[in-house]
Amino acid sequence: MTDASSSHDAPDPAGTGIDTTVPHSARIWNYWLGGKDNYAVDREAGDQYKEIFPGIAVVARTSRAFLTRAVRYLAGQAGIRQFLDIGTGLPTANNTHEVAQSVAPESRIVYVDNDPLVLAHARALLTSSPAGACDYLDANIRNPADILETAASLLDFKQPIALMLMGIMGHFTDDEAYPIVSALQAGLPSGSYFALYDGANTNEAFNQAQEGYNASGAVPYHLRSPEQFNRLFAGLDLIAPGVVPIVRWRPDPDTEQAEIYSYGGVGRKP
Amino acid sequence: MSTDQRDGGRAGEVQGPTVPRMLVGIQLHRFREAAAVTPDQAAYEIRASRSKISRMENGLVRFKERDVTDLLTLYGITDEQTRSTLVALTRQANTPGWWSKYGDIMADWFEAYLGLETAASVIRTFELQFVHGLFQTEDYARAVTMLGHTSAPADEIERRVSLRLNRQDLLNGPDPPQVWTVIDEGALRRPVGGSAVMRAQLDHLVEVSRLRHVTIQVVPFSRGGHAAAGGSFTVLRFGEPEVPDVVYIEQLTSALYLDKHEDVDHYMEVMNHLSTEALTPADSARFVAGIIRDF
């Protein structure tokens, strides 16, 4: 649920793109994950959310765990060595490059975000193993052509690439999300992969908490139905078990047996 | 922090006593609050001052094992497991760090900082005057030391320089902290020790910035006034989730350690503004190379 949409019209007296007067999705997410990169306004919003929907801490943990399993699958069985991770978020445990490079040290990761706070943290703390590479792209997902063009100078577009949209498409309505996702998928070479998860609208408390959050001044986030998730994977060969509750996607012995709050999957471009 | 901390006989473990000390402090604070005991009551129980209790709870002093067990009894903590865990942590907290042999030339308030630095997982600093101690060359460190200790004898200067260079072992250890520095252009242009010393220092800065766990960002003059009107400061983060970030601000004869949420939030906000305002790490390395050519 990182902040991938523009918030540049928010109050920002110092002119550095950091606003500590409204809750910030990457910082709240950091709070739910037990991180320390959050401010009072984020902790308050995070606690309010938690009161309505205590499961949010589980959502945060299981989402991270899904990212970890998906990247491990992509770098392992799928043999992917290039990752385009859009909507990076603030650094936490098991960041994409750490997971990928623990499987294949030569993995190359391009982190994309348009939030100055996230980018500054990524450049300083998401640093590559000597055998691989990490690059940081300041770009807005609303302009997929721009992202693909710059990524082409950092990644080899003749080789398959894993496109990752982890918890960010909820920031867009269907009308916005489908064209963005299909433009990004279309720009990738055949044999590339696509991984995504987002929150699902199948739990009433989750829906309610999200409505409250969206009214708080933070960048809104929309929960989707399982059918809507399937549409984001249209035209791809789904990797088993398909687009499913993330706790059921290739679980390992450590996977938390939690309630179903989020859906996700991995697909391969034919 | 009292000077009797240095009388321990055992060799220090790599991490040092600081984090165990903070963990004991945090627990004592929680138990005291839960038992609704005032600092004065707690102080009376162990024949100490109210400020000693506060320093204990902030993890800034060495603990006497008996003080800890007496306080636990006062707070109604009878569970044997909880008590023995805390006693074990107390023992760890009393193990001297590698820096203890420099005790004679080091103020207590700086000794506390070394403990934090050694234990930190992320060190974020803003430097307005000088290159950060972890990145100083020997000649630059000597020049800075002589500025601060004009009347010190030569052998004391050398021990101070040696202490500073020993600190840098942290960067080459097996599990180094992430060191993320924002440095003002002024600190890079001020000719500490002369042009040759500065050129070597700036070369070294570019060199260390290539380390995976080191990030150096420059705030150039052209970026105008920045958020840290107050001056240099450091924010230390620890791997343990229950240990809060600590802000360290050095003054001439003492230092401030802040770990309250509202203080840390404020400094972290300033640090984040500085980091987003500064040149990116890649642009900073090019910028420093440009300054080297000017010397």
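Note: the structure precedes this text.
Right, let's walk through the structure included here. What you see is a predicted model; the values in this text were computed from it and never measured. (Residues numbered from 1 in each chain as written. Chains lettered and ligands numbered in written order. Predicted model: local features only at pLDDT ≥ 70, side-chain atom pairs only at ≥ 80, totals over all residues. Heavy atoms only, no water.)

**Here's the deal with the pairing of strand S5 (residues 193–199) of chain A**
Residue and element names in this part refer to chain A.
No. 1: In terms of burial, S5 is a largely internal element, seven of the seven residues being buried.
No. 2: Pairing of strand S4 (residues 162–166) with S5 involves five bridges; the strand directions are parallel. By the bridge assignment, Leu 163 is partnered in S5 with Phe 194.
No. 3: Read from S4 through helix H7 (residues 174–186) to S5, the crossover connection turns out right-handed.
No. 4: Sheet topology places S5 next to strand S8 (residues 262–268); seven bridges connect them, and they run antiparallel. Counted as the bridge partner of Phe 194 is Gly 267 from S8. (Buried < 20%, exposed > 50% of the residue type's maximum accessible area, 1.4 Å probe, protein only. Helix = DSSP H or I, 4+ residues; strand = E, 2+ residues; numbered from the N terminus. Pairing = 2+ DSSP bridges. Right-handed = clockwise from strand over helix to strand, strands pointing away.)

**Structural notes on unusual backbone geometry**
Residue and element names in this part refer to chain A.
No. 1: Between Ala 240 and Pro 241 the backbone carries a cis peptide bond, its omega angle lying at 5°.
No. 2: Considering the arrangement of structural elements, one finds Pro 241 in the loop between strand S6 (237–238) and strand S7 (244–245).
No. 3: One non-glycine residue, Asn 94, lies in positive phi territory at about 55°.
No. 4: Position of Asn 94 among the secondary structure elements: in the loop between strand S1 (82–86) and helix H4 (96–103).
No. 5: Since its relative accessible area comes to 40%, Asn 94 is described here as partly exposed.

**Considerations on the interface of chain B and chain A**
No. 1: Every contact between the two is made by 23 residues of chain B and, on the other side, 23 residues of chain A.
No. 2: Both sides of the chain B and chain A interface together cover about 1,900 Å² of buried area, and 54% of this is carbon and sulfur.
No. 3: Linking chain B with chain A are two salt bridges.
No. 4: Its salt-bridge partner being Asp265(B), residue Arg43(A) comes within 2.7 Å of it at the nearest N-O pair.
No. 5: In this structure, the connection of chain B to chain A is made through 12 residue pairs in polar contact (both at pLDDT 80 or more).
No. 6: For the side of chain B that touches chain A, the secondary-structure elements that each account for two or more residues are strand S1 (122–127), strand S2 (178–184) and helix H12 (261–277) of chain B.
No. 7: Residue contributions to the side of chain B that touches chain A peak at nine residues, all from H12(B).
No. 8: Residues belonging to the side of chain B that touches chain A are distributed by class as follows: seven nonpolar, eight polar and eight charged. (Contact = heavy atoms within 4.5 Å. Buried area = accessible area lost by both parts, 1.4 Å probe. Salt bridge = Lys/Arg side-chain N within 4 Å of Asp/Glu carboxyl O. Polar contact = N/O pair within 3.5 Å; in protein donor to acceptor, adjacent residues only side chain to side chain. Nonpolar A, V, L, I, M, F, W, Y, C, P; charged D, E, K, R; others polar.)

**Some details on the side chain of Arg83(B)**
All names here are of chain B.
No. 1: Along the chain, the position of Arg 83 falls in helix H5 (residues 80–93).
No. 2: Although Arg 83 is buried, it makes no salt bridge; Glu 80 carries the closest opposite charge, 4.4 Å away.
No. 3: Residues within four places of Arg 83 in sequence aside, it is in contact with Thr 69, Leu 72, Thr 73, Ile 77 and Thr 78. (Lys, Arg positive; Asp, Glu negative; His and termini not counted.)

**Here's the deal with the environment of Leu163(B)**
No. 1: In this fold, Leu163(B) is placed in helix H8 (residues 154–167).
No. 2: Given a relative accessible area of 7%, Leu163(B) falls into the buried group.

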